[in-house]
Amino acid sequence: MLEARAVSLDYATGDTVAHAVDTVSLQVPPGSFLGLIGPSGSGKSSLMYLLSGLKQPSRGAIGFEGREFARLSAGALMRLRRTRFGFVFQQHFLINYLTVLENTLVGAVQPTPDAVRRALALLDRVGLRDRAAARPYQLSIGQRQRVAVARALVHQPSLIFADEPTAALDQATGQQVIALLADYRREMGSSVVVVTHDPDMLVGADRVFHMRDGRLN
Amino acid sequence: MVHPLSLSHFYLRNKRKIIPVIGILALAIVGVVVTDSLLASARETAYATFGSYQKLILVAPRATREQDLANPLAQSLSRLQDVQSQVQAISAPQGLDAYYAAVAAIPVRLRAQVPVMDRAEQDAAAAQDFGARLRGDLAPLDQLLRRVQRVQTEEAALTALEVQLTRNPQDLAPLVTYLQQHRTWLQSVLPAAADLGQLQQAVVGTSADALGLQQSLARLSADAAALAAAGRSVPSLPPPPAGPDLGPFRASLDALGRTLNAFQAPQADLDRLLSTSTGLRGVAFAQREAFSNLDINLLAGNAQFDLYGLNPAGMQQLLNLYGDRVVAGRLPQPNASEVAISQEIARARNVWIGGQVGNKIDELDSLPDAFTVVGILQGPTRIGVVPYQYMTQHYLFERRYEGLVVAPRAGQEGQVHAQIAALVSGKPFRIFDWPYIKGKIDSLIQNLDTINRFLILLVTIVLSLVVGLLNNLFFRQRMNEFGLLAAIGYSRLRLIGRVAWESLGVTLAAWALGLGLGVGVLAWFNETFMVPHGLLMNVFNWRLLLEHTLPIPIMVFLFGMGTVGWQLLRLDPISIIERRD
């Protein structure tokens, strides 16, 4: 389980301090689907960065499976992200000189035969099995984002963070991406945290938190 | 399966970006390899050309080193012919004698009134006397000069006969007989030391008398001017004869005198030096020798290759000393204008057996006349030998050095050098040995070496900047890749390591390619140009190649990695993730 206790994230801008995240407490139980929704600048992405260990909170504590991030070394935190978390961002961030399959395997800890099998299965699942040898520039935007989802799932993470994964996609493709994440959660029992400004994408979520001015409502 | 972030994927999938960088670096390395090797070749060729000094010490008279290429004998003779006719002219019926008679015939009464007339009579008498003495000098001097010149002419005729004999072997007997008679005659008329001494005296006397005549004639002109100034006209007194310009003639005589002194003076000392050197501790052998030079191209400029004038035993000793051997033809005969040279020198001069070298063939050769190549030598050291006997019995008035070669035993060079230096101290000799010659070569090459090092530094700096800039541009294009990898858990050190390996691979590939291409170009150049011209090039001088080319990939790598690594250390993955472009 991922747990945040009264975490805040402050930004100093000149003499004033802005609170991107203001005293937020939150729990992400195993196998849950959490949605974070709110307008631009409400602090939902910042909260996701804190929850995923990409940023250190100004105050408060975050822990995963009983281990507090603040007590982990930088290397241990990296390993945690690398092995236990999966990430889907608004942009696909595929590497142009790698094939679809190789891009998927970038998410794997090692390209073992098992990982390759999983990658191919995931590509099959996202409807891109036959494009495994293609390069990202040969795919549509929606296809690229589906590869990004496959890359986030290939190492079978316990917790998946998706930051505006559908923002650059049309409604139908966006729904497909969210459905992929939801299906994976069901099958693997992993947790999913989706940050979005589109409530339609959180229809299947267990809980949806609304954020405004850095606070959860 | 290969890791998707493996180096092989990176290199194979980014060929279009990597190959130009490798190409630029490789070409620069080719340039460095070629210029470096040519410079090293210039040095090595120079060392090899003068390598004979590594095992011997040459003791040479200082004076002969200062001799001019001009032949003072021929110059003196041509001036003498002019002076003879001019001196005859002032002794003609209207000349000095008539003037003296006219001055002497002036009545005593008149002379008492004009005292300057007495001086005029004395001066006219002196001029008459110097004129007569100079006429007396010129006849034997002419004879001596002509005799020596005849020797030289006969020498040329002998060479021509030898050539004829070689070309017409069918008619051997009469020619051989003629040649033998000619040689006997030639040896009989060779100027002995006494003849040379006589010539030396005649030259000094003639020069002094020419000066006396010139001064007397000048005084006659002054007397005539004084008479005119006194206002007394002496109608019966003719004008004094105009004096010939004896300045150039005296200059030629003085040059001839210096030459005679130069090759006369040190000979006795040389004999003493030879006998002393032979008995010195650590000396393998010492030989009297008459050395000369051939002009050869050393890549970094022309140089005079030393030919050792030795007797047959000395030639063999020299070959044994260096481990050289005759691979074609034979060693020169004692009484022939023949030369044997190392094959590299033969190539450099584009000659082989039967070819000719010498001042007649190339005016930059100090080897006089034309010598026929009769032997080609091969071995670790480039040497050339000419016969001592022939050299010392011919070309007395050509540029010619006589000296001494002293070969120290291995490991005793320093000790022998010190002893020889002590022996020649204060005498008109100087020592030429390996430290001296090497110093000269090094100072010649040093400037080129400095320029070369500066160019390498410049190339390294420019390449570091250019390739570093390209690396940075390439890195910026890949910011999304590094941002993603950092976000999903790849450590910065791992990312820096990855970029380092990528960069190292590119620079090492460029270095290896540049080195390979450079060595290939050098090997081709060596075969097609260097070897045929007798120039030395070590195509695979790995130490030099590594020393001068490795700084380029290292600097390029360090500069590129420094800037990219710094950016990676400061990389904030969130700033990349949040970009909405």
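Treat the numbers as computed from the prediction; the structure is a model and nothing was measured. (Residues numbered from 1 in each chain as written. Chains lettered and ligands numbered in written order. Predicted model: local features only at pLDDT ≥ 70, side-chain atom pairs only at ≥ 80, totals over all residues.)

Chemist: Sorry, what's going on with the sheet that holds strand E2 (residues 16-28) of chain A here?
Modeler: Paired through their backbone hydrogen bonds, the strands of a sheet run either parallel or antiparallel. Residue and element names in this part refer to chain A. In space, the four strands of this open sheet follow the order E2-E1-E4-E5, with antiparallel pairing throughout. Where the open sheet ends on each side, the last strands, each with one partner, are E2 and strand E5 (67-68). With five bridges connecting them, strand E1 (residues 2-13) and strand E4 (residues 59-64) associate as antiparallel partners. By the bridge assignment, glutamate 3 is partnered in E4 with glycine 63. (Pairing = 2+ DSSP bridges. Helix = DSSP H or I, 4+ residues; strand = E, 2+ residues; numbered from the N terminus.)

Chemist: Help me understand the interface of chain B and chain A, please; the structure alone is not making it clear to me.
Modeler: Interface size is often expressed as the accessible area that is lost when the parts come together. Listed as interface residues are 17 residues of chain B and, on the opposing side, 20 residues of chain A. Counting residues per element, the ones that place at least two in the side of chain B that touches chain A are helix H1 (7-13), helix H16 (479-487) and helix H20 (573-577) of chain B. If one sorts the elements of the side of chain B that touches chain A by residue count, H16 of chain B sits on top with four residues. A class-by-class count of the residues in the side of chain B that touches chain A yields nine nonpolar, six polar and two charged. (Contact = placed C-beta atoms within 7 Å. Nonpolar A, V, L, I, M, F, W, Y, C, P; charged D, E, K, R; others polar.)

Chemist: I keep staring at the environment of alanine 4 of chain A and nothing clicks. Help me out?
Modeler: Residue and element names in this part refer to chain A. By the secondary structure assignment, alanine 4 is in strand E1. By C-beta crowding, alanine 4 is classed as buried, having 21 other C-beta atoms within 10 Å. Note: C-alpha distance between alanine 4 and leucine 26 (22 residues apart in sequence) is 5.0 Å. Not counting the four nearest positions on each side in its chain, alanine 4 is found in contact with Val24, Ser25, Leu26, Leu50, Leu51, Gly60 and Ile62. (Buried ≥ 20, exposed ≤ 12 C-beta atoms within 10 Å, placed from the backbone.)

Chemist: Hey, could you run me through the nonpolar core in this one?
Modeler: Among soluble globular proteins, nonpolar side chains are generally buried collectively. Counting 170 residues, the largest nonpolar core has Val149 and Leu181 of chain A together with Leu25, Ile29, Val385 and Val406 of chain B as its most contacted members. Setting aside residues up to four positions removed in sequence, leucine 25 of chain B forms contacts with Leu463, Val467, Thr507, Ala510, Gly514, Ile552, Pro553 and Val556 of chain B. By size, the runner-up hydrophobic cluster in this structure holds 28 residues, among which are Met117, Ala120, Ala127 and Leu144 of chain B. (Core = buried A, V, L, I, M, F, W, Y, C linked by C-beta atoms within 7 Å.)

Chemist: I would appreciate a short explanation of the confidence of the model for chain B in the present structure.
Modeler: Summarising the model, chain B shows a mean pLDDT of 81, and 84% of its residues fall at 70 or more. In the model, residues 64-70 of chain B has pLDDT below 50 throughout and makes ten contacts with residues more than four positions away in sequence or in other chains. (pLDDT = per-residue confidence, 0-100.)

Chemist: Can you walk me through the sheet that holds strand E3 (residues 33-37) of chain A in this structure?
Modeler: All names here are of chain A. On the basis of which strands lie adjacent, the open sheet formed by six strands has the order E6-E7-E8-E3-E9-E10 and mixed pairing. On the outer flanks of this sheet lie strand E6 (85-88) and strand E10 (215-216), each paired with one strand and no other. Note that strand E7 (residues 159-163) and strand E8 (residues 191-196) share five bridges and pair parallel. Each residue of the ladder has a partner; that of phenylalanine 161, found in E8, is valine 193. Running at roughly 170° to E6, helix H5 (residues 141-153) makes contact with E6 and E7 of the sheet. (Axes fitted to C-alpha atoms, helices over the stretch in contact; angles between N-to-C directions.)

Chemist: Looking at this structure, I do not really get the pairing of E2 of chain A. What am I missing?
Modeler: Looking down a regular strand, the side chains alternate between one sheet face and the other. All names here are of chain A. Of the pairings in the sheet, the one linking E1 to E2 comprises nine bridges and is antiparallel in character. From the neighbouring strand, leucine 2 faces E2, where its bridge partner is valine 28. In this antiparallel pair of consecutive strands, E1 and E2, the connection spans two residues, and glycine 14 shows a positive phi of 70°.

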